[in-house]
Amino acid sequence: MASSGKTKELHLVMFPFFAFGHISPFVQLSNKLSSYPGIKISFLAASTSVGRIETMLNSTASTTVIPLTLPHVDGLPEGVENTSDTSPETVELLKVALDLMRPQIKTLLTNLKPNFMFFDFAQWWLPEIACDLGIKTIFFTVFTTISNAFVTSWFGHDTPPTIDELKKPPSLHPITLKTFQARDFMYIFMSFHGTPSVFDRLIKCFNGCNALLIKSCREMEGPYIDYVSNQVKKPILLIGPVVPDPHSGELTETWDSWLSQFPANSVIYCSFGSETFLTDDQIKELSLGLELTGLPFLLVLNFPANVDGSTELKRALPEGFVDRVKGKGVVHSGWVQQRHILEHESVGCYVCHAGFSSVVEGLVNDCQLVMIPLKGDQFFNSKLIALEWKAGVEVNRRDEDGFFGKDDVFEAVKSVMKDSGKEPAKSIRENQKKWKEFLQDDEIHNKYVADFVEGLKAL
Ligand SMILES: C[C@@H]1O[C@H](OP(=O)(O)OP(=O)(O)OC[C@H]2O[C@@H](n3ccc(=O)[nH]c3=O)[C@H](O)[C@@H]2O)[C@H](O)[C@H](O)[C@H]1O
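What you are looking at is a predicted structure, and each value in this text was computed from that prediction instead of being measured. (Residues numbered from 1 in each chain as written. Predicted model: local features only at pLDDT ≥ 70, side-chain atom pairs only at ≥ 80, totals over all residues. Heavy atoms only, no water.)

Examining the sheet that holds strand β13 (residues 392-394)
So, step 1. Taken in spatial order, the six strands line up as β10-β9-β8-β11-β12-β13 in an open sheet, and their pairing is parallel. The open sheet has two free edges, formed respectively by β10 (329-332) and β13, since each of these has just one partner strand. Between one strand axis and the next, the sheet turns through 15° on average, direction left out of account.
So, step 2. As paired elements, strand β9 (residues 297-300) and β10 share four bridges and run parallel to each other. (Pairing = 2+ DSSP bridges. Helix = DSSP H or I, 4+ residues; strand = E, 2+ residues; numbered from the N terminus. Axes fitted to C-alpha atoms, helices over the stretch in contact; angles between N-to-C directions.)

A closer look at the sheet that holds strand β1 (residues 10-15)
So, step 1. Taken together, the seven strands give an open sheet; going across it, the order is β3-β2-β1-β4-β5-β6-β7, and neighbouring strands pair in parallel fashion. Strands with a single pairing partner mark the edges of an open sheet, and in this sheet they are β3 (63-68) and β7 (236-238). In this sheet, adjacent strand axes meet at a mean angle of 25° when their direction is disregarded.
So, step 2. One ladder, built from four bridges, connects strand β4 (residues 116-119) with strand β5 (residues 136-141); its direction is parallel. Within β5, the position partnered with phenylalanine 118 by the bridge is isoleucine 138.
So, step 3. Its contacts with the sheet place helix α4 (residues 102-112) against β1, β2 (39-46), β3 and β4, and it is angled at close to 150° to β3. (Contact = heavy atoms within 4.5 Å.)

Notes on the side chain of glutamine 432
So, step 1. Relative to the elements of secondary structure, glutamine 432 occurs in helix α19 (residues 425-439).
So, step 2. The exposure class of glutamine 432 is buried, given its relative accessible area of 0%.
So, step 3. At 2.9 Å, the side chain of glutamine 432 forms a polar contact with the side chain of aspartate 366.
So, step 4. Every residue in contact with glutamine 432, bar those within four places of it in the chain, is listed here: Leu363, Asp366, Cys367, Gln368 and Ala391. (Buried < 20%, exposed > 50% of the residue type's maximum accessible area, 1.4 Å probe, protein only. Polar contact = N/O pair within 3.5 Å; in protein donor to acceptor, adjacent residues only side chain to side chain.)

Observations concerning the site of the ligand
So, step 1. Around the ligand sit 18 residues, and of these Ser274, His353, Ser358, Glu361 and Asp377 come closest.
So, step 2. One nitrogen or oxygen atom from the side chain of serine 274 is found 2.5 Å from an oxygen atom belonging to the ligand.
So, step 3. Here an oxygen atom of the ligand sits 2.5 Å away from a polar atom, N or O, in the side chain of glutamate 361.
So, step 4. Across the complex, the protein chains shield 89% of the 690 Å² of accessible surface that the ligand would expose by itself.
So, step 5. Counting residues per element, the ones that place at least two in the shell around the ligand are α16 (356-364) and α17 (377-388).
So, step 6. No other element matches α16, which puts four residues into the shell around the ligand.
So, step 7. Of the residues that constitute the shell around the ligand, the class distribution is five nonpolar, nine polar and four charged. (Near = heavy atom within 4 Å. Areas by Shrake-Rupley, 256 points an atom, 1.4 Å probe, with all protein chains shown as cover. Nonpolar A, V, L, I, M, F, W, Y, C, P; charged D, E, K, R; others polar.)

What about the environment of histidine 22?
So, step 1. Its place among the elements puts histidine 22 in helix α1 (residues 20-34).
So, step 2. Not counting chain neighbours up to four residues away, the residues in contact with histidine 22 comprise Pro16, Phe17, Asp120, Phe121, Val142 and Phe143.

Structural data, given as structure tokens:
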């Protein structure tokens, strides 16, 4: 049996879903907690991800990464253990593999005997196993509270909503969606390969856990925290803003010298995180929009694992584009040192998908945010930043299909980059500075972590 929460040492197990967009916040949480006296962490990960996770963890951390064996699933190639290795056709099979891992996880927990298990949205079956073993479960949601508020606003509805209903969520929730956003969001109500939908998984996670942990705070999302608390009726723990620790290493010489040839704050860095891909039309309009701005730019475009990036780029970029922008704009496919790039003094604007870690990295590096949210939580993150914090802008999109043209990209960039002394750029810059200060305030961070650990012990 797990020992009581009053013991001196707390043993925590972290179990994120097999996607780096999910693994990263669990690593950041582990890094925050592992330096805390008396905390020991075991981090569960698919065996092929262990090496990369070990490089992300603080070297001083008292954290052990434990490799998991993914069971064979028809259609899921051997060695494919992360969404970054899958194609759109096979990505849902990772959830099939995960659901088959119940016995493996039960055996592991029986041996590890942790006090708490921190789990992700996909492991709907985990609270039951842990409860049988006397282990308390914390559902650590990697999404912003505003996104969770939207999802929980559908609690208690027996049938999935229609697109029209999704556009105007029920009850207290003040958010509305465009038609194309509601259509995209229907994904969470869909079941694949006979496994529970994301929505059903989430309901079971919210209902089964002992407490919900949110990587946010009252200053950032107060009304949404109250709303979610009222919907889920479970204790809510807040870890505060999860801002990545200062990173180590240097930006590679190639990118450093390329960026350094431009004036301070003039370069647009444009990228869409680790698992968001653009359509050909979007690539075309975006690249033409960047060209229209006349500003230097670094455009990073990625593609699913089963296609060749350079072939895709050649096909999708507008005719003659690469030659026309030579010397001023570059297009890259593949992983880049994003935090080093955003930190470079030449970079002044970040055109992004509104993945929350990316947005925070942009704000703390004095980059003006231009957001093109493309799926799920990104729509809500963008609303939070653009409409509530007023610390960035969203590119205008057509209601029905989400189309944006080159002029929409140009206008959005212009609104924050040209005439920084005029509105709206002036207020947006002031708000960005205000949030930068808040997000970098160690005292606030430390207080949230200390309160969180106390809250955990009291559960
Ligand atoms: C919860 C999930 O997070 C997701 O992943 P994503 O990778 O976009 O997350 P970010 O918050 O942008 O984070 C991406 C992180 O990867 C880093 N990075 C990325 C690309 C690169 O080339 N180099 C880097 O260093 C970047 O610096 C950031 O820290 C999606 O939003 C998704 O909608 C959401 O459900």
